[in-house]
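Residue-level structure breakdown
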Amino acid sequence: MGCRPRIPAGMVELRNYIGGNWVDAEGNRRIDDVNPATGEIIASVPQSSAADVARAIDVAHKTFEHWRKVPAPKRAEIMYRVGTLLRERKEDLARKMTREMGKVLVEARGDVQEGIDMAFYMAGEGRRAFGHTTPSELPNKFAMAVRDPIGVAGIITPWNFPMAIPTWKTFPAIVLGNTVVFKPATDTPMLALELVKIFEEAGLPPGVMNLVFGSGSVAGEVLLKDERVRLISFTGSNEVGRHVASEAGLGLKRISLELGGKNAVIVMDDADLDLALDGIVWSAYGTSGQRCTACSRVIAHEAIHDQLVERLAARVKTLRLGDGLLETTDVGPVINRGAAESIDRYVEIGKAEGAQMVVGGGIASEGDLAKGSFYRPTLFTGVRPDMRIAKEEIFGPVLSVIKVKDFDEAVRVNNGVTYGLSSSIFTQDVNRVFRAIRDLESGLLYVNAGTTGAEIHLPFGGVKGTGNGHREAGVAALDFFSEWKSVYIDYSGQLQRAQIDA
Ligand code: UN1
């Protein structure tokens, strides 16, 4: 295992970061990091063994003893510097992200911006992290509840928001006094490394943030099983989320799961259709449909259905596929070949179920597109709520339109899936708006906007199969990454028995 004090500029041979050292994985096993738009290999990535991850946990565990005692405002000062560095490098990071993950540049900038926002928000929490003071039921007794750090946080992140999601998890963890072992998605290692470099430059003490590259089945598994890891924050698929819940649950870890979605835009008969079209196209085909929050169902009132479908089809036909670095591109590649094939299997299922594919379908392979993994923006109509394409998460640029008679049916269809992340309604009727707020089963709700665009200072997460009841971001993140400690201070000088002494 070679140790180097600093990572040389422009290096494409990535290394783990453990205890403040850039180190190779045991046996130096590596895989390629590939640009999904061009097929070009952009970096070589270590594949950590179980022993590599155990070493990272060991360091994080030892560092916790020191880090938890550093005053939170001091921890937060580092977070301000992280925010400043992210802001300075925004353009460079966005370009790297587009090359590594494929999303179009304007969206990659937004992804980095989300990290900048989170840095300053969480830095502010270093001087708040409010607890409670509350009266005691007994005289001459003081009561308060304070937030304690928990310990080593195992952070397992997806590839679709290579900067934003790691910041949602690592920033609150670190400001609140936890230490981190971070295992990023195999498809987006470079952005994870850039984030960790920024932590290093910002002056984060060695051992607080440790980065291990590798597979879920080897590296991730160690995080789930090692008893020194006290909390796991995971964003990814429903299937893996269930595995995380059961493995980490056995060790009684605190677990936050952010899983899939089958998000819908409801368009009522009184909707502003121009606005609805903009919202639908942006939230269904942006990020090539690869957001947990992406719109994958349109629930259209019968009075506007035909007009909406016709205009939507015309819009979808104009979307230009291509490399996200090009100004002319509307929709970038999907993350890899396997993803394109899995999306295509769903499109075939939709056709076999009897839905009408009015636009798109198929892996695109004309010209330069053949070098990458591109899926044509696809639109289905005549979709029934019981079809698989209306129920299962596809995670690609595939949208299904379902026709309904009225508001009540729209709510039933929206709620008739196992997920509940994001829902939206387009209407001008204030009564319907408030009924929608009350009745739609989702953790995020948009009125007259698409299903994407969550801001970092509000809780983020979903109901039902989307997770396990935790929320990320906003003040909710503080509750996940800290432990409540209730403290009673009796200054009466005598025994006072709660619930017993009058
Ligand atoms: C995700 O897809 O997991 O609201 C995160 C949004 C973004 C975050 C999405 N701010 O679409």
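Values in this document were obtained by computation on a predicted structure and should not be read as measured data. (Residues numbered from 1 in each chain as written. Predicted model: local features only at pLDDT ≥ 70, side-chain atom pairs only at ≥ 80, totals over all residues. Heavy atoms only, no water.)

Let us look at the site of the ligand. Neighbouring residues of the ligand: Glu 114, Asn 160, Phe 161, Ile 165, Trp 168, Arg 291, Cys 292, Thr 293, Thr 452, Gly 453, Ala 454 and Phe 460. Here Cys 292 contributes a backbone N or O atom positioned 2.7 Å from an oxygen atom of the ligand. One nitrogen or oxygen atom from the main chain of Ala 454 is found 2.7 Å from an oxygen atom belonging to the ligand. Notes on the ligand: free accessible area 320 Å², of which the protein chains cover 99%. (Near = heavy atom within 4 Å. Polar contact = N/O pair within 3.5 Å; in protein donor to acceptor, adjacent residues only side chain to side chain. Areas by Shrake-Rupley, 256 points an atom, 1.4 Å probe, with all protein chains shown as cover.)

Moving on: helix α2 (residues 72-88). If you check α2, its first and last C-alpha atoms are 24 Å apart, about what 17 residues at 1.5 Å a residue would give, namely 24 Å. What α2 keeps buried is the set Ala 72, Arg 75, Ala 76, Ile 78, Met 79, Val 82, Gly 83, Leu 85 and Leu 86. Down the axis of α2, the smallest arc covering the buried residues is 165°, so these residues share one side. Residues of α2 that are buried in the fold lie against α1 (50-67), α3 (90-101), α4 (105-125), α5 (164-175) and α6 (189-201). (Helix = DSSP H or I, 4+ residues; strand = E, 2+ residues; numbered from the N terminus. Expected span 1.5 Å × (residues − 1). Buried < 20%, exposed > 50% of the residue type's maximum accessible area, 1.4 Å probe, protein only. Arc of directions from axis to C-beta. Contact = heavy atoms within 4.5 Å.)

The next point concerns the pairing of strand β13 (residues 263-267). Along β13, 5 of the 5 residues are buried, which leaves the element largely enclosed by surrounding structure. Across 5 bridges, β13 lies against strand β14 (residues 295-301) in parallel orientation. Bridge assignment links Val 265 to a residue of β14, and that residue is Val 298. Handedness of the β13-helix α9 (residues 273-285)-β14 crossover: right-handed. Judged from the 4 bridges that link them, β13 and strand β20 (residues 422-426) form a sheet pairing that is parallel. What sits directly across from Val 267, in β20, is Phe 426. (Pairing = 2+ DSSP bridges. Right-handed = clockwise from strand over helix to strand, strands pointing away.)

This paragraph deals with the nonpolar core. The nonpolar side chains of a soluble globular protein tend to be buried, and buried together. Counting 99 residues, the largest nonpolar core has Val 82, Leu 86, Phe 171, Ile 174, Phe 199 and Leu 211 as its most contacted members. Counting residues per element, this core draws most heavily on α4, which supplies 9 residues. When neighbours within four sequence positions are excluded, Leu 211 is seen to be in contact with Arg 15, Asn 16, Tyr 17, Ile 18, Trp 22, Phe 182, Pro 184, Ala 192, Leu 193 and Val 196. (Core = buried A, V, L, I, M, F, W, Y, C linked by side-chain atoms within 4.5 Å.)

In the predicted model, the protein chain carries a mean pLDDT of 96, and the fraction of residues at 70 or more is 98%. Predicted confidence is poor over residues 1-11, with pLDDT under 50, and the contacts of this stretch with residues over four places away or in other chains come to 21 contacts. (pLDDT = per-residue confidence, 0-100.)

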